[in-house]
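What follows is each chain in one-letter form.
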Amino acid sequence: MILQALCEYYDRRQAAGNPLPPIGFEEKEIPFVIVLTPEGKFVQLKDTREFQEKGKAIAKAFTVPQGSKRSGAKSYETAYCLWDHFGYVLNQPKVTKPGAALSAKEVDMAEKQHQAFVGLVDRLHADLPNDKGVQAVHTFLHDESEKEKVRLSAEFQECLKISGCNLTFQLSTESYLACQSPDVRQWIGEQPLDTENQDGICLVTGEITKVSRLHPAVKGVWGAQMAGANIVSFNIDSFNSWGKDKGNNAPIGEESAFKYTTALNQLLRTNSPQRLQLNDTSVVWWSSGDNPIEKDFPAFFNDAPKDDPDRGTRAVRQLLESIHTSAFIENTGSERFYLLGLSPNAARIAVRFWQVGTVAEFGQQLARWFRDIEIVSKNADYPPLKPLLRSTALLGKDENLPPHLVGETVRAILMGLPLPASLMQSVIKRIKAEQGEVTPYRARLIKAFLNRSYRHQNITNKEVTMAYNPEEKRIGYRLGCLFAVLEKLQSDANPGLNATIRDRYYSSASCNPKSVFGTLMRLHAHHLKKLPHRGQQVVAEKRIGEIMADITEFPAHLSLEEQGLFAIGYYHQRQVLFTKQSKEQTTDEPEGDEE
């Protein structure tokens, strides 16, 4: 199903007039292009890189002949057609930095690589004697003085700073690369992809065709091998069956293997608008046609760009409005939408999750998620998932998130399932570790966890509200409200206090109320006496009395659900206290700012 959907995406791009590389070609970042005259004379070494804001250089991607896999002791024999790294193209050994001493091993290896590259160009020249670009490259490679001009150019010193820097050729009289000429394209299309491929029935198309023994590498999965990895591969005898080997165990046609890997590499490429990194999971998505979700999907999950911090909120509002008016469903709702999560696994790629549905179904699940995380707050209405999850990690860093948490959460959101219990445990644990710091992000996650759990159990009357709910009588919620009021009373009685009861008692109060609240209630009488005005005493006593009316006794223990309600009650009550303070023109600031 995954491979078939990727092949359909490849065909969709072809039909839409925005094609991916044709069979036998691939997109490759080429930092430098050797510009030649038609006579094969060196003109310049053109730098294709663009420098980003932080100074990082991004090379331009070109459509070039697809490179075969290189492995083993004789990998140097495999050269790429009219492009490769500087060892193959210019007989330049690898160096740690420009001007460094060359080892005899690297010199010998570069010479072997260059011989293989020259041999391939000689064969190409024999088959295409009239192609001007091939003629120029052939002449250049057989002229040591011209190659030396490239190595002595100032730009080549920058080239040496890039490990395995790729080079290709272009005529000064043409706008396209030498490897992109019509004759070369035709020649590439006539070459067999693998002479050892046998006939078989392709599992993707159902047609009899040449079966790909070795699938092209998939590159761009975070943490996988730099040379690429595979989703489909059989490299040990124990994986084989019925006397078959390699790709014949799961027969995929040559054309289908090329299409799915090309489509996936396009989605995984650097700065792809359809790729998202969530912890160790590389997430890509696509659909059967153009639609708003395909374009706005990053805004729902990833950090907002610095130059457009409201992008996510706009996308969510547009989504909610389109679902409310049914415009979303009428226009593109029936189109298929695919979501694929990939993680590295040595030389292979593991499928972390795979979600399929219509655009309307995904849109409705996303809308439900954003309604679940709605909560009273002074900042972002609809924060994306990534900063929400980051609020549960030590020091707020992505690398401290549990490896499987992100994938499980995304899956739950898009399938309308309860959030993983590990997420709730992480939130509660982080709040306790930070002395009761219930931030809006953490409160949103707790609210979403509880409501989705209740919904899954068909208990809709228990759902947590967006703002303070005086009708909520559950013990966890009421105790959280009481704790917030007692903390406010302490702060009013002792202005400028460095630490409050939250710093000392929150963890115990939210887990074992009976062991703490007796002490807190005795302290509150002392704090009441220290209030400077009688009116403040009356207001504080009224607040406490209203909450205590719903509490018959302090329980010995609170469950995980009740601890979540405690945090929500505490957060809601703090927001109410802050709102009332604003009306009274006080100068106190609210706790729990957006992270």
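Residues numbered from 1 in each chain as written. Predicted model: local features only at pLDDT ≥ 70, side-chain atom pairs only at ≥ 80, totals over all residues. Heavy atoms only, no water.

## With respect to the packing of aromatic side chains
Using the following cut-off: Stacked, edge-to-face and tilted are the three classes for Phe, Tyr and Trp ring pairs, Trp counted by its six-membered ring, which pair at centre distances within 6.5 Å; planes under 30 degrees apart are stacked, over 60 edge-to-face, the rest tilted. In DSSP terms, a helix is any run of H or I states spanning at least four residues, a strand is any run of E spanning at least two, and both are numbered starting from the N terminus. For every residue, the accessible area (1.4 Å probe, protein chains only) is compared with the maximum for its type, and the residue is labelled buried under 20%, exposed over 50%, or partly exposed between those bounds. To sit over a ring, a charge needs its Lys NZ or Arg CZ within 6 Å of the ring centre and within 35 degrees of the ring normal.
Tallying each qualifying case throughout the model produces 21 aromatic pairs. Between F117 and F169, the ring centres sit 6.5 Å apart and the planes meet at 25°, which makes this aromatic pair stacked. Residue F117 is found in helix α3 (residues 104-127), and its partner F169 is found in strand β8 (residues 166-171); the two are separated by 52 residues along the sequence. F169 shares its class with F117; the two are buried. Taken together, the aromatic side chains of F483, Y506, F517, F554, F566 and Y570 make up a single cluster linked through ring pairs. Its end group placed over the ring of F25, R185 keeps NZ or CZ at 5.2 Å from the ring centre.

## Some details on the packing of helix α17 (residues 475-493) against helix α18 (residues 501-511)
The cut-off we apply is this: Note on method: axes are straight lines fitted to C-alpha atoms, helices fitted across the in-contact stretch only, with angles between N-to-C directions ranging 0 to 180 degrees. Reported orientations rely on four angle classes, namely roughly parallel under 35 degrees, roughly antiparallel over 145, roughly perpendicular from 65 to 115, and oblique for the rest. By convention the crossing between two helices is left-handed if the near helix lies anticlockwise of the far one by an angle smaller than a right angle, and right-handed if it lies clockwise. Note on definitions: a residue-residue contact is assigned when non-hydrogen atoms from the two residues lie within 4.5 Å. The classification used treats Ala, Val, Leu, Ile, Met, Phe, Trp, Tyr, Cys and Pro as nonpolar, Asp, Glu, Lys and Arg as charged, and all other residues, Gly among them, as polar.
At a minimum axis separation of 11 Å, α17 and α18 run at an interaxial angle of 165°. With respect to α18, the axis of α17 lies roughly antiparallel. Relative to α18, α17 is oriented so that their crossing is right-handed. Of the residues in α18, those in contact with F483, L486, E487 and Q490 of α17 are I501, R502, Y505, Y506 and A509. Residue classes in the contact of α17 with α18 are distributed as six nonpolar, one polar and two charged.

## What about the sheet that holds strand β11 (residues 275-278)?
The cut-off we apply is this: Any two strands between which DSSP finds at least two bridges are classified as paired.
As summarised here, the arrangement of the four strands in space is β11-β12-β13-β14, forming an open sheet in which the pairing is antiparallel. Whereas interior strands pair on both sides, the edge strands pair on one side only; in this sheet they are β11 and β14 (348-358). Strand-to-strand, the axes of this sheet are offset by a mean angle of 20°, without reference to chain direction. The pairing of β11 with strand β12 (residues 281-287) spans four bridges and is antiparallel.

## A closer look at the sheet that holds β8
Strands sit in the order β3-β2-β8-β7 across an open sheet of four strands; the sheet is mixed. Edge positions in the sheet fall to β3 (42-47) and β7 (83-85), since each of these pairs with one other strand and no more. Put simply, the sheet's adjacent strands are angled 30° from each other on average, direction ignored. Sheet topology note: the β7/β8 ladder contains three bridges and is antiparallel.

## Observations regarding helix α5 (residues 144-152)
Think of an α-helix as turning once every 3.6 residues; residues three or four places apart then point the same way. Put simply, the rule reads: This arc corresponds to the set of directions leading from the helix axis out to the C-beta atoms.
Residues of α5 that are buried: E146, K147, V150 and R151. Viewed along the axis of α5, the buried residues span an arc of 145°, placing them on a single side of the element. Its buried side turned inward, α5 meets β2 (32-36), β3, α2 (86-90), α3, α4 (132-141) and α6 (154-160).

## Digging into the confidence of the model for the protein
Inclusion rule: Every residue carries a pLDDT, the predictor's confidence in it, which falls somewhere between 0 and 100.
Looking at the protein, pLDDT values average 85 and 90% of them are 70 or higher. Scored below 50 in pLDDT, residues 581-595 makes 31 contacts in the model with residues more than four places away or belonging to other chains.

## Side note on the nonpolar core
Condition: Put simply, buried Ala, Val, Leu, Ile, Met, Phe, Trp, Tyr and Cys residues joined by side-chain atoms within 4.5 Å make one nonpolar core.
The biggest cluster of nonpolar side chains holds 81 residues, and the ones touching the most others in it are F297, F301, W369, F483 and F517. Sort the elements by how many residues they give to this core and α17 lands first, with 10 residues. F483 has contacts with I501, R502, Y505, Y506, A509, F517, L520, F566 and Y570, leaving out every residue within four places of it along the chain. Core analysis: the second largest hydrophobic core is formed by 47 residues, V64, C81, Y88 and A116 among them.

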